[in-house]
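Architecture at a glance
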Amino acid sequence: MAKIDIKGVNKSLVFVFSNGSVEEYAALLKNRFENNQQLFKGSPVIFQGTGLEQLSHDDVAALQRLCLDYGMIMHNVHTPVRELKTAGEDLFIYRTLRSGQNLHSEGSMIIWGDVHESAEVTAAKDVIVLGKLEGIAHAGCYGDVSSTIFALDLSPKQLRIGDKISRASGEYIKNPVPCIAYTEGANICIKEYRP
Amino acid sequence: MEKKTPDSHVIVVTSGKGGVGKTTAVANLATGLAKLGYSVVVMDLDIGLKKLDLILGLENRVIYDIVQVADGECTLKQALVKDKRFPALYMLPAAQTRNKDDITTEQVKTICEELKQDFDFIFVDCPAGIEQGFRNSIAAANKAIVVTNPEVSAVRDADRIIGMLESCDFKDIKLLINRLRPEMVRSGDMLSIEDLMEHLCIDLLGVVPEDRNVVISTNRGEPIILDEHSSASKAFNNIVQRLLGNDVELMTLEEDSFWRKLKRNLGFKN
């Protein structure tokens, strides 16, 4: 059952969303707004709650627009929503990516070739490079921190998994071994890959 | 203007980064080929920042420029400047008072088609950057020479350029490494040929060592390839041979030690 708690915190109205679809929320909000237009008009509004995480960016934007239509002021422009898309098609690339080239996959990305310095790859899930990874790889770019980055020679300037970023130490590793990067808590860990 | 071969090679010399020696390479390779009797034209597309006329020493002979040709203010034949040393070498100068957007890719293609009837080799001197000037330069070319220096900034730009050429369906892309200093490579302070090849993974056309005589020859407007004693001249001559399809080994790049100089002066081969 869709539910929105409305609380007053620090002169702002906090809408706490829980468990519902965008249509239900919209109907609920509209009902509330119509009943007490004076209360809502001109009030700063903050969106919160676990219900938001089930909504897409567009849905949240639609709800925010509804609030704006009733004269409210949106306070948290950066909503804590994370677009949880289901992973799409994996992308297979049979060439080397050079500097300045970028590719995006809605699923995992598998590259049979190298990713050169300052090339960029982003994927909703894993990034697998069967070659040298020197560019920037972003696995789980929609926030899936269980994604991993694998390369036969993992020597990137930067790794990103979900919302986490890690920089290279600056040491040049002479003897490359297959490595895998994954998240552990707030950190990105890299270890030698042993099947 | 007698053609030696039925086909024409349209070669764009590019790099992304400025100052790596694109124009020097164009001037020397064109001079080298003209010396062997091939009819060669060099096209300066660095409109607004022309340098090729200086390096070839033809600055006082320029009357018309490529933008005027494109706009129909003069004929192509009128604009071509004949080299003072080799009758087979011509230059199509860039306009200094205009900019890169004053000419379109279509116009460059049309000019190139016309040049193909008379010339074996057409060199296009590409400006630095990846904007309109670059797009104009690659529009008509069927081969590309990417010039780079053994330093990370030039290599990154070269990598970018190679990527762009590949996405424009260039099949024949060759690498020219310029200003290599063997003694610095040996001491580990400069990227080696192997490092560059491993990173850029395209065919190597040649390596030109750092040579102080290049500066002197540029100031004089005499391409270094005509100074047969310099190491850069030898390197450029080898590259000319490779452009003609001949297999020439990479020259060994050794710094000149006292003993080596002495041996050479006494007539020993080293």
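Bear in mind the structure is a predicted one, so any value in this text is a computation, not a measurement.

1. Brief notes about the packing of helix α1 (residues 22–35) of chain A against helix α3 (residues 57–69) of chain A
Residue and element names in this part refer to chain A.
- Following both chains from N to C, one finds α1 and α3 inclined at 10°, their axes separated by 10 Å at the closest point. Relative to α3, α1 is oriented roughly parallel. Between α1, through Val 22, Tyr 25, Ala 26, Leu 29, Lys 30 and Phe 33, and α3, the contact on the second element is made entirely by Asp 59, Leu 63, Leu 66 and Cys 67.
- A breakdown of the residues in the contact of α1 with α3 according to their chemical character gives eight nonpolar, no polar and two charged.

2. Some details on the sheet that holds strand β12 (residues 158–161) of chain A
Residues and elements named next belong to chain A.
- Sheet architecture is open: five strands sit in the order β6-β8-β10-β12-β13, paired in mixed fashion. Strands with a single pairing partner mark the edges of an open sheet, and in this sheet they are β6 (102–105) and β13 (164–167). If you compare each strand with its neighbour and ignore which way they point, the axes differ by 10° on average.
- Relative to strand β8 (residues 120–123), β6 runs parallel, the two being bridged by four bridges. Its bridge partner lying in β8, Leu 103 is registered against Val 121.

3. Section: the sheet that holds strand β2 (residues 12–18) of chain A
All names here are of chain A.
- The strand order β1-β2-β3-β4 describes an open sheet built from four strands, whose pairing is mixed. Both outer strands of the open sheet, β1 (3–9) and β4 (73–74), are each paired with one neighbouring strand and no more.
- Taken together, the seven bridges between β1 and β2 define a ladder with antiparallel strand orientation. Looking across to β2, one finds that Asp 5 is bridged to Val 16.
- Those strands touched by α1 are β1 and β2, and its axis lies near 50° from that of β1.

4. With respect to the domain arrangement of chain A
- Taken domain by domain, chain A comprises domain 1 (4–74) and domain 2 (81–192).
- Taking the mean C-alpha position of each, domain 1 of chain A and domain 2 of chain A sit 37 Å from one another.

5. Side note on the packing of aromatic side chains
All names here are of chain A.
- If you walk through the whole model with that rule in mind, you get 12 aromatic pairs over all chains.
- Each ring, one from Phe 33 and one from Tyr 70, has its centre 5.1 Å from the other, and the planes form 50°; the classification is tilted. A residue pair is termed long-range when its members are at least 10 positions apart, and Phe 33 in helix α1 and Tyr 70 in the loop between α3 and β4 qualify at 37 residues.
- A residue is classified by how much of its surface remains accessible, and Tyr 70, at 17% relative accessible area, is buried.
- With a centroid separation of 6.5 Å and an interplanar angle of 10°, the aromatic rings of Tyr 94 and Trp 112 are classed as stacked. Of this pair, Tyr 94 sits in the loop between β5 (91–93) and β6 while Trp 112 sits in the loop between β7 (109–111) and β8, and the two are 18 residues apart along the sequence.
- Assessed through its relative accessible area of 62%, Tyr 94 is described here as exposed.
- Under the relative-accessibility criterion, Trp 112 is labelled partly exposed at 49%.
- Among the aromatic residues, those joined into a ring-pair cluster are Phe 15, Phe 17, Tyr 25, Phe 33, Phe 40, Phe 47 and Tyr 70.

6. Considerations on a nonpolar patch on the surface
- Together, Phe 92, Tyr 94 and Trp 112 of chain A line one region of the surface with nonpolar side chains, adding up to about 410 Å² of accessible area.
- Mapped onto the elements of the fold, Phe 92 of chain A is located in strand β5.

7. Details of the interface of chain B and chain A
- If you look at the interface, chain B gives 11 residues, while chain A gives nine residues.
- Summing both partners gives a buried area of about 900 Å² for chain B against chain A, and 35% of it is carried by carbon and sulfur.
- A per-residue breakdown of the area chain B buries against chain A is headed by Arg 156, Asp 159 and His 199 of chain B, which together make up 48% of the total.
- Taken together, the links from chain B to chain A amount to four salt bridges.

8. What to know about the nonpolar core
All names here are of chain B.
- Counting 50 residues, the largest nonpolar core has Met 43, Ile 66, Leu 92, Ile 111, Leu 115 and Leu 165 as its most contacted members.
- Considering every element that reaches this core, the biggest residue donor is helix α7 (residues 152–167), with six residues.
- In this structure, Val 13, Ala 30, Leu 89 and Leu 243 belong to the second largest nonpolar core, which totals 38 residues.

Criteria and cut-off values
- Residues numbered from 1 in each chain as written.
- Chains lettered and ligands numbered in written order.
- Predicted model: local features only at pLDDT ≥ 70, side-chain atom pairs only at ≥ 80, totals over all residues.
- Heavy atoms only, no water.
- Axes fitted to C-alpha atoms, helices over the stretch in contact; angles between N-to-C directions.
- Helix = DSSP H or I, 4+ residues; strand = E, 2+ residues; numbered from the N terminus.
- Parallel < 35°, antiparallel > 145°, perpendicular 65-115°, else oblique.
- Contact = heavy atoms within 4.5 Å.
- Nonpolar A, V, L, I, M, F, W, Y, C, P; charged D, E, K, R; others polar.
- Pairing = 2+ DSSP bridges.
- Domains from an automatic or database assignment.
- Phe/Tyr/Trp six-rings, centres within 6.5 Å; stacked < 30°, edge-to-face > 60°.
- Buried < 20%, exposed > 50% of the residue type's maximum accessible area, 1.4 Å probe, protein only.
- Patch = residues over 30% accessible without salt bridge, like charges linked within 9 Å, V, L, I, M, F, W, Y side chains within 5 Å.
- Areas by Shrake-Rupley, 256 points an atom, 1.4 Å probe, with all protein chains shown as cover.
- Salt bridge = Lys/Arg side-chain N within 4 Å of Asp/Glu carboxyl O.
- Buried area = accessible area lost by both parts, 1.4 Å probe.
- Core = buried A, V, L, I, M, F, W, Y, C linked by side-chain atoms within 4.5 Å.

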